[in-house]
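Okay, here's what each chain looks like letter by letter:
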Amino acid sequence: MLTTGNEILAVAHEYRFAVPAFNISSYSMLRAVVDVCEEKRSPHIIAIHPDELSHIRPEMLASMILIARKSTVPTAIHLDHGATYGQVLLAIQSGFTSVMIDKSFAPFEENIAETSRVVQAAHAVGVSVEAELGTIGVSDKYGETGSEEILYTDPDDAARFIEATGADSLAIAIGTRHGLYPSEVKPELRLDLLAQIKERLGIPLVLHGGSNNSDKEIAGAVRGGINKINISSDIKAAYFLRMREVLEDIHLREPNVIEPPCEEAMRQCAAQKIDLFESAGKADLF
């Protein structure tokens with residue numbers, strides 16, 4: 001069933017689990033994550049970054065919305081890291097049921113002003129809004145942006161920000177990075193900081209850069225109050241690593257031969273995340 005991010009995250013917040021937000025950039029990837037979420041009875045969010053949207057084109061959204069409507073589990077379609085008011089408006093007009101405005105690199109007051117503007121427009125048509133405060137790190141220059149130095153979210157600033165903007169959920173910086181970590185980098189999440197923010201805000205909290213973190217730390221973040229975790233690099237790495245193996249046979253050319261093994265690799269990765277986030281079976285709560 002097609003729903004908003006708000007409707008999904010309210011349940012996750014109440015029952016203390018995390019909803020997977022899977023970034024997809026093709027129809028093949030879409031089918032893989034939708035199918036595994038239905039098998040695991042997991043509510044989920046299909047996340048699309050502006051770069052991914054430029055690849056699949058807004059016209060593909062009609063098909064995605066139809067798939068979400070027919071799904072047996074709650075599904076939201078979410079604009080990930082919308083950078084401008086114009087990008088957010090295009091997403092709303094195209095049928096997204098959830099949007100993110102990311103002004104985390106802007107000064108605090110500018111972040112408040114731009115987020116408030118998006119909230120006013122989105123709430124007028126029933127679309128939920130995610131914002132970000134603090135900066136996520138970056139592991140490489142490929143893919144989503146981030147900061148060389150993580151700026152951790154301050155609990156007092158977060159409380160002021162939510163009161164001023166009315167955003168429905170907040171992506172916080174507690175030590176994660178976008179991309180896949182180099183072998184020499186060992187992430188350490190500030191779960192103590194997460195606890196402080198959760199207590200102050202009492203709203204759904206979001207973790208970006210969820211790929212490649214240890215299962216122990218992610219499980220601790222879920223127990224600590226994270227209600228949405230973005231997964232992009234892990235599932236795409238699984239998909240394309242398998243594709244490289246399949247294409248070692250240079251004679252293969254048909255998608256229905258090449259893509260199914262890649263989709264299976266992606267499903268296996270996504271299924272492990274669903275279990276880790278304690279989202280399996282939670283569709284029955286709706």
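Residues numbered from 1 in each chain as written. Predicted model: local features only at pLDDT ≥ 70, side-chain atom pairs only at ≥ 80, totals over all residues. Heavy atoms only, no water.

- In the annotation of an unreviewed UniProt entry, the protein is listed under the name Ketose-bisphosphate aldolase and assigned to Actinomyces massiliensis F0489.

**Quick word on the UniProt feature "binding site: Zn(2+) 1" (unreviewed entry) in the protein**
Item 1. Residues given the UniProt feature "binding site: Zn(2+) 1" (unreviewed entry) here are His81, His178 and His208.
Item 2. Secondary-structure assignment places His81 in strand β3 (residues 75-82).
Item 3. Mapped onto the elements, His208 comes out in the loop between β9 (205-207) and α9 (215-223).
Item 4. Among the polar contacts made by the side chain of His208, one reaches the side chain of Glu130 at a distance of 2.7 Å. (UniProt positions renumbered as here; feature names shortened; annotations may be inferred. Helix = DSSP H or I, 4+ residues; strand = E, 2+ residues; numbered from the N terminus. Polar contact = N/O pair within 3.5 Å; in protein donor to acceptor, adjacent residues only side chain to side chain.)

**Regarding the UniProt feature "active site" (unreviewed entry) in the protein**
Item 1. Within this numbering scheme, the UniProt entry marks Asp80 as carrying the feature "active site" (unreviewed entry).
Item 2. Within the secondary structure, Asp80 is located in strand β3.
Item 3. Given a relative accessible area of 1%, Asp80 falls into the buried group.
Item 4. Of the polar contacts made by the side chain of Asp80, one reaches the side chain of Asn23; its length is 3.3 Å. (Buried < 20%, exposed > 50% of the residue type's maximum accessible area, 1.4 Å probe, protein only.)

**With respect to the pairing of strand β4 (residues 98-101)**
Item 1. Because side chains alternate across β4, one face comprises the buried residues Ser98 and Met100, and the other comprises Val99 and Ile101, equally buried.
Item 2. Across three bridges, the pairing between β3 and β4 is parallel. From the neighbouring strand, Leu79 faces β4, where its bridge partner is Val99.
Item 3. Each parallel crossover has a hand, and the one from β3 via helix α5 (residues 85-94) to β4 is right-handed. (Pairing = 2+ DSSP bridges. Right-handed = clockwise from strand over helix to strand, strands pointing away.)

**Here we look at the nonpolar core**
Item 1. Among the nonpolar cores identified, the biggest contains 72 residues, and Met64, Phe96, Val99, Leu170, Leu201, Leu205 and Ile229 are the most heavily contacted of them.
Item 2. Looking at this core element by element, the count peaks at eight residues for helix α11 (residues 255-276).
Item 3. For Met64, the contacting residues outside a window of four places in its chain are Ile24, Leu30, Ile46, Ile48, Ile56 and Ile77.
Item 4. With ten residues, the next largest nonpolar core counts Ala12, Val19, Ile45 and Ala47 among its residues. (Core = buried A, V, L, I, M, F, W, Y, C linked by side-chain atoms within 4.5 Å. Contact = heavy atoms within 4.5 Å.)

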